[in-house]
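# Descriptive structure summary
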Amino acid sequence: VTQDSPTFEWVAAALEKHTTFDRLQARGTVRLALRKTGLEPGSVDRDKMLLVLANVMPNELRARKIENPEMVCETLCRELKHADLRDTTPRQEAPEDAFRRMFNN
Amino acid sequence: MLILGLAGACAYSLVSLILGMRLLLLARRTRRLPELLIGLMLVSGGLGFTLYWVPVPHGASPLVHTIWGIASGFFVAGGCVAMLFAVWRIFRPGEPWAGVVVGALIVMVAPGIAPRLFLGSTAQSAQEFVRHPLVWAYWISTIGSYAWMALESLRTQARLRRQHRFGLGGDLAVAGRLLLWGLGTGFKALLFASTAVSAILRAVVGGSGGPTILFISGFGLLCSLCLWLAFFPPRGYLDTRQRSASSAS
């Protein structure tokens with residue numbers, strides 16, 4: 001089964017902690033925000049997640065009637081910057097990287 | 001009509017063999033699986049299709065006819081198998097359901113290697129042939145493997161464009177070339193579908209399936225054009241993409 005990235009796991013857990021979401025709702029919300037921006041839960045990294053939290057997530061939380069969505073996202077961004085996200089699992093190559101190599105040969 | 005048919009067939013054979021060899025040479029340097037599988041798919045599919053439309057030399061023995069037919073089926077099926085592994089490895093690595101679909105489609109494509117061997121005496125006439133479940137399994141697997149690649153490629157290029165829109169990277173040059181690659185493999189799926197429709201029409205209505213040759217060669221030409229442009233886009237296109245990427249960053 002495809003593994004989600006440590007960044008995804010961390011943000012979903014943090015969102016569950018800072019909102020009234022249960023585990024399933026938190027993971028689903030992060031997953032939907034990533035899908036909207038064309039990112040994958042299995043490969044999203046810290047830098048891209050920070051952009052999603054700043055630009056997309058507030059509206060996602062507002063749509064789900066979460067109070068103070070901007071403040072929740074600011075907290076998540078602040079904590080994510082210092083989170084320990086050591087990832088030892090080997091990552092699969094993204095399709096676009098494989099095709100970039102083939103096209104630019 | 002004959003000239004258009006030949007143009008489509010020649011274009012597809014040439015483009016497949018040139019791009020396939022190029023990717024196999026790349027795979028020799030990089031030792032990476034994606035280029036090896038796509039290269040094998042293009043070379044094998046191109047060879048199989050070439051043997052399909054190039055007539056057997058005059059006066060050849062029945063054995064040569066049989067070997068020619070089996071070689072064509074073998075290479076076309078080999079191209080589909082390489083394509084299926086490529087889709088699995090590039091787009092769906094580590095997803096067990098994709099492995100099951102790939103396994104099922106590979107089993108279904110096997111009768112295409114030597115239809116008469118698999119069908120035996122159960123499908124003697126053209127009508128019996130097109131009604132046989134193994135023939136339908138072969139058609140579904142060949143059309144399905146290229147259609148799957150097309151859908152995954154189009155989905156990935158749409159994802160890259162979304163990333164770009166949100167300022168999250170997203171290489172628009174690769175997105176544009178993936179769009180062409182997706183359209184190219186989609187046209188190849190339609191080409192396979194046209195050959196199936198042609199066989200059904202020949203069996204049901206009779207004749208040589210004339211108008212369907214227009215579709216087959218048309219899709220062959222469109223497929224070749226899209227695949228070629230994906231690998232060799234006009235310089236102006238790349239310059240525009242580079243400019244828009246730098247302005248976005």
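Residues numbered from 1 in each chain as written. Chains lettered and ligands numbered in written order. Predicted model: local features only at pLDDT ≥ 70, side-chain atom pairs only at ≥ 80, totals over all residues. Heavy atoms only, no water.

### Here we look at the overall build of chain B
From N to C terminus, chain B includes 10 helices and zero strands. Considering chain B as a whole, with its 249 residues, one finds that 44% of them fall into the buried category. Across chain B, every contact between residues at least 6 apart in sequence was considered, and the portion connecting residues at least 24 apart equals 70%. For chain B, the accessible area works out to roughly 12,000 Å², and carbon and sulfur atoms hold 73% of it. (Helix = DSSP H or I, 4+ residues; strand = E, 2+ residues; numbered from the N terminus. Buried < 20%, exposed > 50% of the residue type's maximum accessible area, 1.4 Å probe, protein only. Contact = heavy atoms within 4.5 Å. Areas by Shrake-Rupley, 256 points an atom, 1.4 Å probe, with all protein chains shown as cover.)

### Observations regarding the overall build of chain A
In terms of helices and strands, chain A carries six helices and zero strands. What you see in chain A, going N to C, is helices and strands ordered as α-α-α-α-α-α. Taken over the C-alpha atoms alone, chain A extends approximately 50 × 25 × 25 Å along its principal axes. When burial is assessed residue by residue, chain A has 47% of its 105 residues classed as buried. Contacts in chain A between residues far apart in sequence, at least 24 positions, make up 61% of those at least 6 positions apart.

### Overview of the nonpolar core
Phe99 and Met102 of chain A together with Ile38, Met149 and Trp181 of chain B are the most contacted members of the largest nonpolar core, which has 55 residues in total. Broken down by secondary-structure element, the contributors of at least two residues to this core are helix 6 (95–103) of chain A together with helix 1 (2–30), helix 2 (33–53), helix 3 (62–91), helix 4 (96–109), helix 7 (133–165), helix 8 (172–204) and helix 9 (210–231) of chain B. If one sorts the elements of this core by residue count, helix 8 of chain B sits on top with 11 residues. The next biggest cluster of nonpolar side chains, apart from the first, holds 28 residues, and it includes Ala14, Phe21, Val30 and Leu76 of chain A. (Core = buried A, V, L, I, M, F, W, Y, C linked by side-chain atoms within 4.5 Å.)

### Structural notes on the interface of chain B and chain A
Chain B puts 33 residues into the contact, and the matching count from chain A is 24 residues. Roughly 2,600 Å² of surface becomes buried between chain B and chain A when both sides are summed, with 58% attributable to carbon and sulfur atoms. Of all residues in chain B, the largest losses of buried area upon contact with chain A belong to Arg159, Phe166 and Leu168 of chain B, amounting jointly to 23% of the total for that side. The partner of glutamate 93 of chain A in a salt bridge is arginine 32 of chain B, and the shortest N-O contact between them spans 3.3 Å. The tally of links from chain B across to chain A stands at 11 residue pairs in polar contact (both at pLDDT 80 or more). Where the side of chain B that touches chain A is concerned, the elements lending two or more residues are helix 1, helix 2, helix 3, helix 7, helix 8 and helix 9 of chain B. Tallying contributions element by element places helix 7 of chain B first for the side of chain B that touches chain A, with seven residues. In terms of residue class, the side of chain B that touches chain A is built from 17 nonpolar, five polar and 11 charged. (Buried area = accessible area lost by both parts, 1.4 Å probe. Salt bridge = Lys/Arg side-chain N within 4 Å of Asp/Glu carboxyl O. Polar contact = N/O pair within 3.5 Å; in protein donor to acceptor, adjacent residues only side chain to side chain. Nonpolar A, V, L, I, M, F, W, Y, C, P; charged D, E, K, R; others polar.)

### Quick word on unusual backbone geometry
Residue and element names in this part refer to chain A. We note that lysine 65 has phi near 60°; this positive angle belongs to a residue other than glycine. Mapped onto the elements, lysine 65 comes out in the loop between helix 4 (57–63) and helix 5 (69–82). Although it is not a glycine, asparagine 68 sits at a positive phi angle of roughly 50°.

### Notes on the packing of helix 7 of chain B against helix 8 of chain B
Packed helices, taken two at a time, are described by the angle between their axes plus the distance between the axes. Residue and element names in this part refer to chain B. Running from N to C, helix 7 and helix 8 point in directions that differ by 160°, and their axes come no closer than 8 Å. On the basis of the axis angle, helix 7 is roughly antiparallel to helix 8. As helix 7 packs across helix 8, the resulting crossing turns out to be left-handed. Here the contact of helix 7 with helix 8 is built from residues that sort into 22 nonpolar, nine polar and two charged. (Axes fitted to C-alpha atoms, helices over the stretch in contact; angles between N-to-C directions. Parallel < 35°, antiparallel > 145°, perpendicular 65-115°, else oblique. Left-handed = near helix turned anticlockwise from the far one by under 90°.)

### As for the environment of leucine 61 of chain A
Residues and elements named next belong to chain A. Topologically, leucine 61 is positioned in helix 4. Of the residues examined, leucine 61 reaches a relative accessible area of 0% and is grouped as buried. Considered as a pair, leucine 61 and glutamate 79 are 18 residues apart in the sequence and their alpha carbons are 18 Å apart. Beyond its immediate sequence surroundings of up to four residues, leucine 61 is in contact with Leu15, Phe21, Thr29, Ile66, Pro69, Val72 and Cys73.

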